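Report on the structure
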Amino acid sequence: LERLVAEGSRRLDAAKVLEAASLAADSEEGLLSALETKAELADSPVEAISLITQGVEIAARDPERATRGLLLSGRALALVAAHQPEDIPRWRERTREFSAIVFDRAMEASILFEAAQACDIDGPERAKLACEAIDLLIADGRGADALALSLRALHTFPGSFALSER
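Structural notes, computed from the coordinates. (Residues numbered from 1 in each chain as written. Predicted model: local features only at pLDDT ≥ 70, side-chain atom pairs only at ≥ 80, totals over all residues. Heavy atoms only, no water.)

A word on helix 6 (residues 88-102)
Between its first and last C-alpha atoms helix 6 spans 21 Å; for 15 residues at 1.5 Å apiece the expected length is 21 Å, and the two agree. Turning to helix 6, the residues buried within the fold contact helix 4 (45-60), helix 5 (66-83), helix 7 (105-117) and helix 8 (124-139). Following helix 6 by one or two positions, Phe 103 adopts a phi angle in the positive range, close to 55°. (Helix = DSSP H or I, 4+ residues; strand = E, 2+ residues; numbered from the N terminus. Expected span 1.5 Å × (residues − 1). Contact = heavy atoms within 4.5 Å.)

Quick word on the environment of Met 107
Relative to the helices and strands, Met 107 resides in helix 7. Sequence spacing of Met 107 and Gly 55 is 52 residues, and the spatial spacing of their C-alpha atoms is 19 Å. Those residues in contact with Met 107 that lie beyond four places of it in its chain are Thr 67, Leu 70 and Leu 71.

A short note on the state of the cysteines
Evaluated as defined, the whole model comprises zero disulfides. Here Cys 131 is not disulfide-linked; the sulfur of Cys 119 is the nearest cysteine sulfur, at 12 Å. We classify Cys 131 as buried; its relative accessible area is 5%. (Disulfide = S-S within 2.5 Å. Buried < 20%, exposed > 50% of the residue type's maximum accessible area, 1.4 Å probe, protein only.)

Considering the nonpolar core
If you look at the biggest cluster of nonpolar residues, it comprises 42 residues, and the most contacted ones within it are Leu 77, Trp 91, Leu 129 and Leu 163. Those elements giving two or more residues to this core turn out to be helix 3 (28-40), helix 4, helix 5, helix 6, helix 7, helix 8 and helix 9 (143-156). Sorting elements by how many residues they give to this core places helix 8 first, with eight residues. (Core = buried A, V, L, I, M, F, W, Y, C linked by side-chain atoms within 4.5 Å.)

Quick notes on the side chain of Ser 73
Mapping Ser 73 onto the fold places it in helix 5. You can call Ser 73 buried: its relative accessible area is 0%. Sequence-distant contacts of Ser 73, defined by excluding residues within four places in its chain, comprise Val 56, Trp 91, Arg 94, Thr 95 and Phe 98.

As for the pattern of salt bridges
Evaluated as defined, the whole model comprises 16 salt bridges. Put simply, Lys 38 and Glu 19 hold a salt bridge, and the shortest N to O gap is 2.6 Å. With a gap of 19 residues between them, Lys 38 in helix 3 and Glu 19 in helix 2 (residues 11-25) connect regions that are remote in the sequence. Both residues of the pair, Lys 38 and Glu 19, belong to the buried class. Its salt-bridge partner being Arg 96, residue Glu 132 comes within 3.2 Å of it at the nearest N-O pair. (Salt bridge = Lys/Arg side-chain N within 4 Å of Asp/Glu carboxyl O.)

What to know about unusual backbone geometry
The phi dihedral of Asp 26 falls on the positive side, at around 55°, and the residue is not glycine. Relative to the helices and strands, Asp 26 is located in the loop between helix 2 and helix 3. Of the residues examined, Asp 26 reaches a relative accessible area of 68% and is grouped as exposed. Positive phi values are uncommon outside glycine, yet Phe 103 reaches one of about 55°.

That's the geometry; what it means functionally is another story.
This is how it looks when you write it as structure tokens:
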């Protein structure tokens, strides 16, 4: 069933069946897989964020799931960056929490970079996200990505002092 969720042509149907079976068997692992797939195939960003929120709560209960939690919180961060910038601080904090457990700065840099790429940098929440992504990219030795993001961000939000400092 989990294989059908991951690669079948009826992934959403398989995810719904896996979700029901996992709830009945009290299997958080199966439930997490179902939620990940349903979020990926969601009809709207709001629905996807809701499903990811549930998945992140499950991932947070077991340190062995921290990498999945980091990836999920990164997906939510990209979605809120594009559609609900007022929620960026909340999801940035969740990403930071999982990153501290995983201790993979390169992954965190990539996640922030992707989130900043998902939107125009046109306000203070998005500018702060871009600044944090730039700082992590530089620390990870990805100067070219940091420069590209800086230039794009300054083009769409030229009045940001924090961006111009970078």
